[in-house]
Amino acid sequence: MKKLNFLGVLIITLCFVHNSYAQEELTKEVCDQRAESILKYKETLKDYPPELIDKIIDFIEPCTTRELESQASKYIAGVLMLLSDDNQIQHTGHNLISFASAHGYVPAKFDMAFIYLRGGHNLRFHPVKYSRAENEFRGLIDYHNYETDLAHYINGYINMKHFPTAQGSNYDKAKNHFEQSNHPMAKHWLAIMYYFGYGVEKDEEKALQMLSENDIYNSKVLLDFLPTQNNDWLPVSAEVLSILDTHYPSYYPDDYNEFKGAYHGRMYQYDWSNKGGVIRDTPVSFTIGLANNRRVTYSVTANENTFSSECDISRASLLFRDQPMQITLKRLHQDHRDKDTITYAASQLDFYETTLNGERVLIGRALGNILDWNEKAPRLQFIVKKENSTPLRVSGKDDKSSTTLLKHSFATVSPNPIGNQFNITYTLDQAAETQVSVYDLFGQQKISLPSQGHTTAGTQTITIDSAALPSGTYVIQMTVDGQPYSKMVIKE
């Protein structure tokens, strides 16, 4: 039914109810009937003009007193008040829904779960509380058998994303909730867990089968997207992981002018648990310049996207008080055709000083939100060093893809750790142009083999002389018809 028809039916209904009960004493039964007459149109109330919403509030508000005990009236009045632009009216609406929820009115408990999950309409009054949301949804499952598929899906999502303040979030709980839900988005995210190995044994074939059987838009888009990506997790070396996971004393430059300059290196994105593994390794560049003693200009470039602004500096921390630092990256699991990137918004970036491969480097650590949907972001960390010139860029899984697509396991490197030479064994389905390069951790090319314009199909092995490379961590990049594939190796 069209919106205008809904409005017409609602106005007629309210007029009839109002005329019928205007002279009648308000009782719980009368108020419950009033509430039920409005609840029929709950899903379309947001489309109604403010003047009509105000009239409906005037109609139901007398039923919200504690004496009448009409929890349905408190609930629907709260729903209507949350549609207001006035913060105080919103706050009153929240309190009415909260009161009805506390007194066991199940639809109110359902809405309270979402208020805790999303932070309500005014974060000053209603901050995000994942643990309370999780508790509310668990109660809907265990005690009320109400919207259980949706409740399982949302609790699975909370646990998969390891949201802060959630109660002991982990991948096992996420998997259990997803498996108990028939909600299509639960099946969608469970497939993602299997495809990328988030807390479960990685099984790409199973994940793709699950997506093909899940008849929703998101799964269809993701099913088309995943085979075009080089989604192998780069095996970050134990040395690098140790550096990333160690807590260092802050870097305190003697003079803030020491902080000025260009920095180049790598950016690492962890999985949602912040400890399960590095799922993105991409080149990153910083340029920092002092505007005055406590103010700096800066720019950050990652995945060919640059963000520039000004911020405060304290010791070796960049404080993004005016505007968060934004890093836009390609989505690893794109499930919407028009949304192929995500933007990280960091409120602070802390730097620490250490050495890697005998060179002085800075470790950067940032925590923030995913700007696109206001969620806490996984940890981002950086290893950068000061450079006088921009190094050659290492291509990786964030680069633009081409039409030649291979499984990420098409090539293997042996031995690893490498010695004075190593082998790359690879299999091609058809003839292709191939090229192999070796880069250090900061994107500087150390070895480059001549491009092979017509490498024949089949399995082949090439041997690379690495005797001149010092001990350390390196990225081997093999490009096949313009599509880059990267592996990280260690030379002892």
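In this text, all values refer to a predicted model and were calculated from it rather than measured experimentally. (Residues numbered from 1 in each chain as written. Predicted model: local features only at pLDDT ≥ 70, side-chain atom pairs only at ≥ 80, totals over all residues. Heavy atoms only, no water.)

Asks: Just to check I follow, could you spell out the overall build of the protein chain for this structure?
Replies: Looking only at helices and strands, one finds 13 helices and 18 strands in the protein chain. Going through the 492 residues of the protein chain one by one, you find that 52% of them count as buried. If you take every contact in the protein chain between residues at least 6 apart in sequence, the share linking residues at least 24 apart comes to 59%. As presented, the protein chain carries roughly 23300 Å² of accessible surface, and 48% of it is formed by carbon and sulfur atoms. (Helix = DSSP H or I, 4+ residues; strand = E, 2+ residues; numbered from the N terminus. Buried < 20%, exposed > 50% of the residue type's maximum accessible area, 1.4 Å probe, protein only. Contact = heavy atoms within 4.5 Å. Areas by Shrake-Rupley, 256 points an atom, 1.4 Å probe, with all protein chains shown as cover.)

Asks: What is the right way to look at the nonpolar core in this model?
Replies: As a rule of thumb, soluble globular proteins bury nonpolar side chains together. One finds Phe-137, Tyr-153, Met-160, Phe-178, Trp-189 and Met-193 to be the most contacted residues of the largest nonpolar core, which totals 74 residues. In terms of residue count, the dominant contributor to this core is helix H10 (residues 184–196) (ten residues). The residues touching Tyr-153, leaving out its near neighbours within four places in the chain, are Phe-178, Ser-181, His-183, Met-185, Ala-186 and Trp-189. Counting 32 residues, the second-largest nonpolar core is a separate cluster that includes Tyr-263, Met-267, Phe-320 and Leu-349. (Core = buried A, V, L, I, M, F, W, Y, C linked by side-chain atoms within 4.5 Å.)

Asks: Hey, could you run me through helix H4 (residues 71–81) in this one?
Replies: Three- or four-residue spacings in an α-helix give side chains the same orientation, since the helix completes a turn every 3.6 residues. With eleven of eleven residues buried, H4 lies mostly within the body of the structure. For H4, every residue scored as buried is listed here: Gln-71, Ala-72, Ser-73, Lys-74, Tyr-75, Ile-76, Ala-77, Gly-78, Val-79, Leu-80 and Met-81. Elements that come into contact with the buried residues of H4 comprise helix H2 (28–39), helix H3 (50–60), helix H5 (87–102) and helix H6 (106–118).

Asks: Please clarify how the side chain of Ser-437 should be interpreted in this entry.
Replies: Within the secondary structure, Ser-437 sits in strand S13 (residues 432–440). For Ser-437, a relative accessible area of 1% corresponds to the buried category. A polar contact is formed between the side chain of Ser-437 and the side chain of Gln-445, at a distance of 3.4 Å. (Polar contact = N/O pair within 3.5 Å; in protein donor to acceptor, adjacent residues only side chain to side chain.)

Asks: Can you walk me through the packing of aromatic side chains in this structure?
Replies: Aromatic ring pairs are defined here through the distance separating the ring centres and the angle between the ring planes. Throughout the structure, instances matching the rule amount to 20 aromatic pairs. For the ring pair Phe-110 and Tyr-146, a centre distance of 5.6 Å and an interplane angle of 75 degrees mean the geometry is edge-to-face. Taken together, the residues Phe-110 in helix H6 and Tyr-146 in the loop between helix H7 (130–144) and helix H8 (148–160) connect sequence positions 36 residues apart. Since its relative accessible area comes to 13%, Phe-110 is described here as buried. Judged by centre distance (5.5 Å) and plane angle (10 degrees), the ring pair of Phe-196 and Tyr-198 falls under stacked. Here Phe-196 matches Tyr-198 in class, with each residue buried. An aromatic cluster is built from Tyr-130, Tyr-153, Tyr-157, Phe-163, Tyr-171, Trp-189, Tyr-195, Phe-196, Tyr-198 and Trp-272, whose rings are joined through pairwise contacts. (Phe/Tyr/Trp six-rings, centres within 6.5 Å; stacked < 30°, edge-to-face > 60°.)

Asks: Help me understand the packing of H5 against H6, please; the structure alone is not making it clear to me.
Replies: The description of two helices packed together rests on the angle between their axes and the distance between the axes. Two elements in contact, H5 and H6, have axes whose closest approach is 8 Å; the angle formed by their N-to-C orientations is 125 degrees. With respect to their mutual orientation, H5 and H6 come out oblique. As for how H5 packs across H6, the hand of that crossing is left-handed. Note on element contacts: H6 touches H5 through Ala-108, Lys-109, Asp-111, Met-112 and Ile-115, opposite His-94, Ile-97, Ser-98, Ala-100 and Ser-101. Of the residues contributing to the contact of H5 with H6, the split by class is five nonpolar, three polar and two charged. (Axes fitted to C-alpha atoms, helices over the stretch in contact; angles between N-to-C directions. Parallel < 35°, antiparallel > 145°, perpendicular 65-115°, else oblique. Left-handed = near helix turned anticlockwise from the far one by under 90°. Nonpolar A, V, L, I, M, F, W, Y, C, P; charged D, E, K, R; others polar.)

Asks: Mind showing me how you'd approach the confidence of the model for the protein chain here?
Replies: Segments scoring low in pLDDT should not have their predicted coordinates read at a detailed level. Taken over all residues, the pLDDT of the protein chain has a mean of 82, while the share at 70 or more is 84%. Contacts for the low-pLDDT stretch residues 389–405, under 50 throughout, to residues beyond four places or in other chains number 57 contacts. (pLDDT = per-residue confidence, 0-100.)

Asks: Looking at this structure, how should I read the environment of Tyr-157?
Replies: Note that Tyr-157 resides in helix H8. With twelve residues separating them in the primary sequence, Tyr-157 and Ser-169 have C-alpha atoms 9.9 Å apart. In contact with Tyr-157, other than residues within four places in its own chain, are Phe-163, Phe-178, Trp-189 and Glu-375. Within polar-contact distance, the side chain of Tyr-157 engages the side chain of Glu-375 at 2.6 Å.

Asks: Sorry if this is basic, but what is going on with the packing of H10 against helix H11 (residues 204–213) here?
Replies: With their axes 8 Å apart at the nearest point, H10 and H11 run at an angle of 160 degrees to one another. On the basis of their axis angle, the class for H10 and H11 is roughly antiparallel. Where H10 crosses over H11, the handedness of that crossing is left-handed. On H11, the residues that touch Lys-187, His-188, Leu-190, Ala-191, Tyr-194 and Tyr-195 of H10 are Glu-204, Lys-206, Ala-207, Leu-208, Met-210 and Leu-211. When grouped by side-chain class, the residues that make up the contact of H10 with H11 number eight nonpolar, one polar and three charged.

Asks: What exactly am I supposed to notice about the state of the cysteines here?
Replies: Simply put, the disulfide is a covalent bond whose two ends are the sulfur atoms of two cysteines. Applying the stated rule across the entire model yields one disulfide. Paired by a disulfide, Cys-31 and Cys-63 hold their sulfur atoms 2.1 Å apart. For the disulfide bridge between Cys-31 and Cys-63, the dihedral angle about the S-S bond is near -80 degrees, and by the sign convention the bridge is left-handed. Of this pair, Cys-31 sits in helix H2 while Cys-63 sits in the loop between H3 and H4; the two residues are 32 residues apart in sequence, bridging distant segments of the chain. Here the two residues Cys-31 and Cys-63 agree in accessibility, since each one is buried. (Disulfide = S-S within 2.5 Å.)

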